[in-house]
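# Observations on the three-dimensional arrangement
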Amino acid sequence: MSGTSRLNAILLLATASCLAAAAMGLHAHDDGQPGKVPDQEKYAPTILPDRIVLSWTGDPATSIAVTWRTSAEVQQGWLEVAEATAGPEFARQAKRLPAVASPHESPWGAAHYHSVNVGELAPETKYTYRVGDGENWSEWNQFTTASADAKPFTFVYFGDAQNDLHSHWSRVVREAYSDAPKAAFLLHAGDLINKGDNDADWGEWFAASSHIHRMIPCIATPGNHEYVKSGESILGITLGRKLTSYWRPVFAFPENGPDGLHETAYYIDYQGVRVISLNSNEQLELQAEWLEGVLTQNPHRWTVVTFHHPVYSSAAGRDNALMRDIWQKVFDKFHVDLVLQGHDHTYARTHAVRHEENVPTGVTARSETGGTVYVVSVSGPKMYNLEKRPQMARAAEDTQLYQIIHVNGDELRYEARTATGQLYDGFRLNKQADGRNQLTEQIPDTPERLRQKP
Ligand SMILES: [Fe+2]
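Note that the coordinates shown come from a computational prediction; the quantities given were computed from them, not determined experimentally.

Here we come to the pattern of salt bridges. Applying the stated criterion across every chain, the model contains 24 salt bridges. Ionic pairing is found between arginine 96 and glutamate 80, a salt bridge with its closest N-O pair at 2.8 Å. Residue arginine 96 is located in strand β4 (residues 95-98), and its partner glutamate 80 is located in strand β3 (residues 78-83); the two are separated by 16 residues in the primary sequence. For glutamate 80, a relative accessible area of 8% translates into the label buried. A salt bridge links lysine 431 to aspartate 337; its shortest N-O distance comes to 2.5 Å. Pair noted here: lysine 431 is in strand β25 (residues 423-431) and aspartate 337 is in the loop between α9 (321-333) and β19 (338-341), with a separation of 94 residues, a long-range link. Here lysine 431 and aspartate 337 have matching classes, each one buried.

If you want it as C-alpha cells, here you go:
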C-alpha cells in the first residue's frame, strides 16, 4: 500500500469509528477512541420497562406492590402474574392487571412510573410476574409471599449507599444478596442516592442492584439526601426542603402513616415483626404521637424501627439531641428492640440502652436486660471520622458493610458483614417473658477498623 493509500485508509477508519461513535451518541476523542458515554445514553427512559422494584403497600402475606419506569409513550402499563410452576406453563394462567401511571419529568424526557398493587395472593407461595406495555415485556421474575404466622425469616439492612452507586455500592448489595439470597426484604436506612432529584443517581441505584430488587421487596426510609430545596424563596432565601419528586413514583410504600408523611412514615408487619419507618427529616413530634398509637396496638413479638438521622451520632459534631428527647422515650416505653439508622458514614452499634441512662459523659450506658440496640451503618464508599460514645459496643471507620438479621421465635440474631463478606459484628437478643431482651455479644475476635490518628 502506498503512503497516500495508507493515509486514506487510516482517515477512513477514523471517520468510520467517529461515525459509529456519533451514532451511539458518544463523544469520541480526537484519536477516534470512544469518549465517556453521557448519562442520557445510560438512563433516558425508553418504552422498555426498567427500574423495576418490589415493595408492599399492604400485607406481605397476601400482596405485593410492583413499580417500574418507561418513557411517557407508554400510556398504559400492565403486570402479568401467576403462581410459579416448575415449567413454563404458568404463563398460560397469568392474570393481567392494569397499572396506574405517575408522570415524571426527567432531564432526558418525560417518564411514566407505573404501579400495580397485586392483592388476593396466597401466603407462603411463589409467584412469577412480568411488566410491560402488552407487547414489550420484562423478563419473568419470582417472589414469595410471607407467611401469615410468626415464622423464622432473614432480612438485610443497609446504611447509606449514596455515592458512586454503580462503581462502589454494587459490590456490597451483590455480596449481601449472595450471602442472604432468600432474604424476606432489603431495608435501606436513607440516603439511597446523593442528589434526590438527579435522575442518573436513581439510574445508578437500580443498575447497581440489578435484578435483586425485582425479586426481594424493599423497605426504605428517606434520608436528608432524598430531600431537595423546596424552590420557595423570599428575598432570594430558600425557605425549606421537601421530599424528592422521585420517592413516591419510584416506590410504593404503605399509606398508614401521619397525613403529609405517607410512604415515608409507615409500618409493615412481617411474620411476627412490626417494621416501622419514621421520617427523621421533619415533624418529629407528630410522628412520636403516631408511633405511640402504632406501638400501643402492636400484637407482634418484635419491633424494628428505621430512620436516617441517628439517636447516637457516630460522627463528630452531629449530635441529634431532638431524636432522644422526642422519639427515644417512646422506644423505651414500648421496648423497641432494634433501631436501624444511617447518616454518619461510619459503623457504630450500641449496647442495649435506654434514655435515662443517656448521661452525656456516661460512665456506663449498658442495660443487661431491656433497652434498645441502635445501629449506624454505611454501605457506600463515602466515609467520615468516627466519634465513639460510651454507648457503643462495636464501631468502624472506612468500612462498607451490610447487616443480616435473623428472627426466629424468641431470638433475634444480628450480623454485620464487610463488603468482602467477613463477619465484623454480632449479637443475639433473647426475648424474656416481660417483653425485655437479654443481649448476648457475639463480636468476632478481630480489631476494630479505625483510622490511624496522627
Ligand atoms: Fe449520607
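Pairing is antiparallel across the open sheet formed by four strands, whose spatial order is β1-β2-β6-β5. Where the open sheet ends on each side, the last strands, each with one partner, are β1 (50-55) and β5 (100-106). Between one strand and the next, the sheet's axes are offset by a mean angle of 20°, whatever the strand orientation. In the packing of helix α5 (residues 199-209) onto the sheet, the strands contacted are β1, β2 (64-71), β5 and β6 (109-118), and the crossing angle to β1 comes to about 65°.

What follows deals with the packing of aromatic side chains. Inspection of the entire model under this criterion finds 27 aromatic pairs. Arranged with centres 5.9 Å apart and planes meeting at 15°, the rings of tryptophan 169 and tryptophan 205 form a pair that is stacked. Here tryptophan 205 lies in helix α5 and tryptophan 169 lies in helix α4 (residues 165-179), a separation of 36 residues in the sequence. The exposure classification of tryptophan 169 matches that of tryptophan 205, with both residues buried. Aromatic pair tyrosine 347 and tyrosine 424: ring centres 6.0 Å apart, planes at 90°, arrangement edge-to-face. Of the two residues, tyrosine 347 is situated in strand β20 (residues 347-353) and tyrosine 424 in strand β25; the sequence distance between them amounts to 77 residues. Grouping residues by exposure puts tyrosine 347 and tyrosine 424 together as buried. Grouping aromatic residues by their ring pairs yields a cluster made of Phe158, Trp169, Trp202, Trp205, Phe206, Tyr246, Trp247, Phe251, Phe253 and Tyr266.

Put simply, side chains in a regular strand alternate between the two faces of the sheet. Of all eight residues in strand β24 (residues 411-418), six are buried, a share of seventy percent or more. In sequence, strand β23 (residues 401-408) turns back onto β24 through a hairpin of two residues, with glycine 409 there showing a positive phi of about 60°. Pairing of β24 with β25, which is carried by seven bridges, proceeds in the antiparallel orientation. Residue pairing in the sheet places tyrosine 414 in a bridge with phenylalanine 427 of β25. Between β24 and β25, which pair antiparallel in sequence order, lie four residues; one of them, glycine 421, sits at a positive phi of approximately 85°.

In the contact formed by α4 and α5, the axes pass within 8 Å of each other and the chain directions differ by 35°. The handedness of the crossing between α4 and α5 comes out as right-handed. Residues Leu165, His166, Trp169, Ser170, Val173 and Arg174 of α4 pack against Asp201, Glu204, Trp205, Ala207, Ala208 and Ser209 of α5. Looking at side-chain class alone, the contact of α4 with α5 contains six nonpolar, three polar and three charged residues.

Bringing the nonpolar core into the picture now. Among the nonpolar cores identified, the biggest contains 85 residues, and Leu79, Phe185 and Phe251 are the most heavily contacted of them. With near-sequence residues (within four places) excluded, leucine 79 lies in contact with Val66, Trp68, Lys95, Arg96, Leu97, Val116, Val118, Tyr129, Arg130 and Val131. Residues Phe307, Met323, Val339 and Val353 belong to the second largest nonpolar core, which totals 26 residues.

A word on the coordination of the iron ion. Within the first shell, the iron ion binds the protein through Asp160 (OD), Gln162 (OE1), Asp191 (OD) and His345 (NE2), at distances of 2.1 to 2.3 Å. Positions of the donor residues of the iron ion, expressed as sequence spacing, correspond to D-x1-Q-x28-D-x153-H. With glutamine 162 in the loop between β9 (153-158) and α4 and histidine 345 in the loop between β19 and β20, this pair connects stretches of sequence that are 183 residues apart. Each member of the pair, glutamine 162 as well as histidine 345, carries the same accessibility label: buried.

What counts and how
- Residues numbered from 1 in each chain as written.
- Predicted model: local features only at pLDDT ≥ 70, side-chain atom pairs only at ≥ 80, totals over all residues.
- Heavy atoms only, no water.
- Salt bridge = Lys/Arg side-chain N within 4 Å of Asp/Glu carboxyl O.
- Helix = DSSP H or I, 4+ residues; strand = E, 2+ residues; numbered from the N terminus.
- Buried < 20%, exposed > 50% of the residue type's maximum accessible area, 1.4 Å probe, protein only.
- Pairing = 2+ DSSP bridges.
- Axes fitted to C-alpha atoms, helices over the stretch in contact; angles between N-to-C directions.
- Contact = heavy atoms within 4.5 Å.
- Phe/Tyr/Trp six-rings, centres within 6.5 Å; stacked < 30°, edge-to-face > 60°.
- Left-handed = near helix turned anticlockwise from the far one by under 90°.
- Nonpolar A, V, L, I, M, F, W, Y, C, P; charged D, E, K, R; others polar.
- Core = buried A, V, L, I, M, F, W, Y, C linked by side-chain atoms within 4.5 Å.
- Donors = N, O, S within 2.8 Å, 3.2 Å for Na, K, Ca; no water.

Honestly, that's just the spatial picture; any functional story needs more than this.
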